[in-house]
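# Structural overview for review
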Amino acid sequence: MQPKLIIHGGAGSSLDEKGGLEIVRKSLHRIVDELYNLLLGDTAALDIVIRGCQMLEDDPIFNAGTGSVLQSDGQIRMSASLMDGLNHRFSGVINVSRIKNPIDLARALQESPDRVLSDSGAAEFVRELQMPVYNPLTDKRLNEWLEDRKQNFNRKMANVVTVSPGTGTIGVVALDKEGRLAAGTSTGGKGFEKIGRVSDSAMPAGNYATDSAAVSCTGIGEDIIDECLAAKIVIRVTDGFSIKAAFERSFAEAHEHKRDLGAIGIDAGGTINWGKTCDVILAAFHDGEKIGDSLEADKGKSTFSVE
């Protein structure tokens, strides 16, 4: 099987400044290049997804791990999930704080009888694993929060969907040489949200994989949850749709419902897809021959497919 890979760093409005586009492209292409070399070296899809999420969480231009946005009380709470398509196994962590890579906690939960933990339970699991304490706050995110506090948080969310250089939920989808699929998604949330709000990134709505297809979503979490987008696309593929048709139908429905979201995916045959209801999704991929990306894709088109 020819390995395939696609990653994303958010979705939203157009990258108007060339500098912003090039910063994002350089980061995404660097990560795709490293991950694809690992795929060629027989690394399993699940391990590729974990490594890719770690790299994206460590890059402060994205809203996950280091660089996560602040919630209404000025605290950072992160969510992440991992799904092994081979075993149809989902694990996730909701609103965890003071760790570097939330995806590592999702990975540890893959072998747990309790595979989704939140808040104090997630914090206790972090202590059990003896993960080092880490502060993911950056000056940029703190200054954004301080500025919006002056306006009494009138915006419905922080600058995490608008694609200026430096924002976005992250996700990775991989197909390895053995035909195994996996997906992972991680986020700092939408910013300024009420304490306790749960992101789609820790649900099958935002991150789902089977042996037929794997999908990771980005955008407004509530919109993704309402569409149950990742699971919907994967189940359609499992039921006989091509992944191209599954994306097209699912995004047509999302447009009809006026949703603000995006998604990336790969099927068992190696077809890569992405879709968006907004102007752009920050995605990059390797199709087995070269690296490509979605950063300057047709704004008037919703879905794209690469064989």
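Residues numbered from 1 in each chain as written. Predicted model: local features only at pLDDT ≥ 70, side-chain atom pairs only at ≥ 80, totals over all residues. Heavy atoms only, no water.

## Details of unusual backbone geometry
Even without glycine at this site, Asn95 takes up a positive phi of about 55°. Along the polypeptide, Asn95 turns up in strand E3 (residues 89–96). (Helix = DSSP H or I, 4+ residues; strand = E, 2+ residues; numbered from the N terminus.)

## Observations regarding the sheet that holds strand E13 (residues 303–306)
Read across the sheet, five strands follow the order E7-E8-E9-E10-E13 without closing on themselves; strand pairing throughout is antiparallel. Each having just a single partner strand, strand E7 (207–209) and E13 make up the two edges of the open sheet. Between one strand axis and the next, the sheet turns by 10° as a mean value, whatever way the strands run. Sheet topology places strand E10 (residues 272–276) next to E13; four bridges connect them, and they run antiparallel. Pairing of Asn273 across the sheet is with Ser305, part of E13. With respect to the sheet, helix H7 (residues 229–238) is in contact with E7, strand E8 (213–219) and strand E9 (261–267), its orientation differing from that of E8 by roughly 155°. Contacting E8, E9, E10 and E13, helix H8 (residues 243–256) crosses the sheet at an angle of about 165° to E9. (Pairing = 2+ DSSP bridges. Axes fitted to C-alpha atoms, helices over the stretch in contact; angles between N-to-C directions. Contact = heavy atoms within 4.5 Å.)

## Some thoughts on the nonpolar core
Nonpolar side chains in soluble globular proteins tend to end up buried together. Within the largest apolar cluster, 47 residues are counted, with the highest numbers of intra-cluster contacts made by Leu5, Ile7, Leu28, Leu56, Val96 and Leu105. Setting aside chain neighbours within four positions, we find Leu105 in contact with Val93, Val96, Ile99, Ala122, Phe125, Val126, Leu129 and Met131. If you look at the next biggest cluster of nonpolar residues, it comprises 39 residues, including Leu181, Cys217, Val237 and Trp274. (Core = buried A, V, L, I, M, F, W, Y, C linked by side-chain atoms within 4.5 Å. Buried < 20%, exposed > 50% of the residue type's maximum accessible area, 1.4 Å probe, protein only.)

## Re the packing of aromatic side chains
To describe a pair of aromatic rings, one takes the distance between the centres and the angle between the planes. Applying the stated criterion across every chain yields a total of three aromatic pairs. Judged by centre distance (5.8 Å) and plane angle (10°), the ring pair of Phe247 and Phe251 falls under stacked. With Phe247 and Phe251 both in helix H8 and four residues apart, the pair spans about one turn of that helix. Geometrically, the ring pair formed by Trp274 and Phe304 is stacked, given 5.0 Å between the ring centres and 15° between the ring planes. In this pair, Trp274 sits in strand E10 while Phe304 sits in strand E13, placing the two residues 30 residues apart along the sequence. Assessed through its relative accessible area of 5%, Trp274 is described here as buried. Judged by relative accessible area, which is 10%, Phe304 ranks as buried. The structure contains a cluster of three or more aromatic residues connected by ring pairs, namely Trp274, Phe285 and Phe304. Positioned over the ring face of Phe241 is Arg236, at 6.0 Å from the centre of the ring. (Phe/Tyr/Trp six-rings, centres within 6.5 Å; stacked < 30°, edge-to-face > 60°. Lys NZ or Arg CZ within 6 Å of the ring centre and 35° of its normal.)

## Topic: helix H3 (residues 102–109)
Of all the eight residues making up H3, six are buried; the element is thus mostly covered by neighbouring parts of the structure. Regarding H3, the residues found buried are Pro102, Ile103, Asp104, Leu105, Ala106 and Leu109. Lining the buried residues of H3 we find helix H2 (45–57), strand E2 (78–84), E3, strand E4 (116–118), helix H4 (119–129) and strand E6 (181–187).

## Examining the packing of H7 against H8
Their axes nearest at 9 Å, the elements H7 and H8 cross at an angle of 140°. Put simply, H7 runs oblique to H8. As H7 packs across H8, the resulting crossing turns out to be right-handed. Here Leu229, Lys232, Ile233, Arg236 and Val237 of H7 lie close against H8, whose contacting residues are Ile243, Ala246, Phe247, Arg249, Ser250, Phe251 and Glu253. Its residues placed into classes, the contact of H7 with H8 shows seven nonpolar, one polar and four charged. (Parallel < 35°, antiparallel > 145°, perpendicular 65-115°, else oblique. Left-handed = near helix turned anticlockwise from the far one by under 90°. Nonpolar A, V, L, I, M, F, W, Y, C, P; charged D, E, K, R; others polar.)

## Some details on the side chain of Thr66
With respect to the helices, strands and loops of the structure, Thr66 is situated in the loop between H2 and E2. According to the relative accessible area criterion, Thr66 is buried, its value standing at 12%. Polar contacts involving the side chain of Thr66 include one to the side chain of Tyr134, which spans 2.6 Å. Apart from residues no more than four positions distant in its own chain, Thr66 is found in contact with Glu57, Asp58, Asp59, Pro60, Lys100, Tyr134, Pro136 and Thr138. (Polar contact = N/O pair within 3.5 Å; in protein donor to acceptor, adjacent residues only side chain to side chain.)

## Some details on the side chain of Thr138
Here Thr138 is to be found in the loop between H4 and helix H5 (139–150). Taking the relative accessible area as the measure of exposure, Thr138 reaches 16% and is therefore buried. With residues up to four places along the chain from it excluded, the contact list for Thr138 reads Pro60, Thr66 and Gly67.

## Considering the pattern of salt bridges
Throughout the structure, instances matching the rule amount to 24 salt bridges. A salt bridge links Asp73 to Arg77; its shortest N-O distance comes to 2.8 Å. We classify Asp73 as partly exposed; its relative accessible area is 31%. Take Arg77: its relative accessible area is 15%, and that puts it in the buried class. Linked by salt bridges that have partners in common, Asp226, Glu227, Lys232, Arg236, Arg249, Glu253 and Arg259 make up one network. (Salt bridge = Lys/Arg side-chain N within 4 Å of Asp/Glu carboxyl O.)

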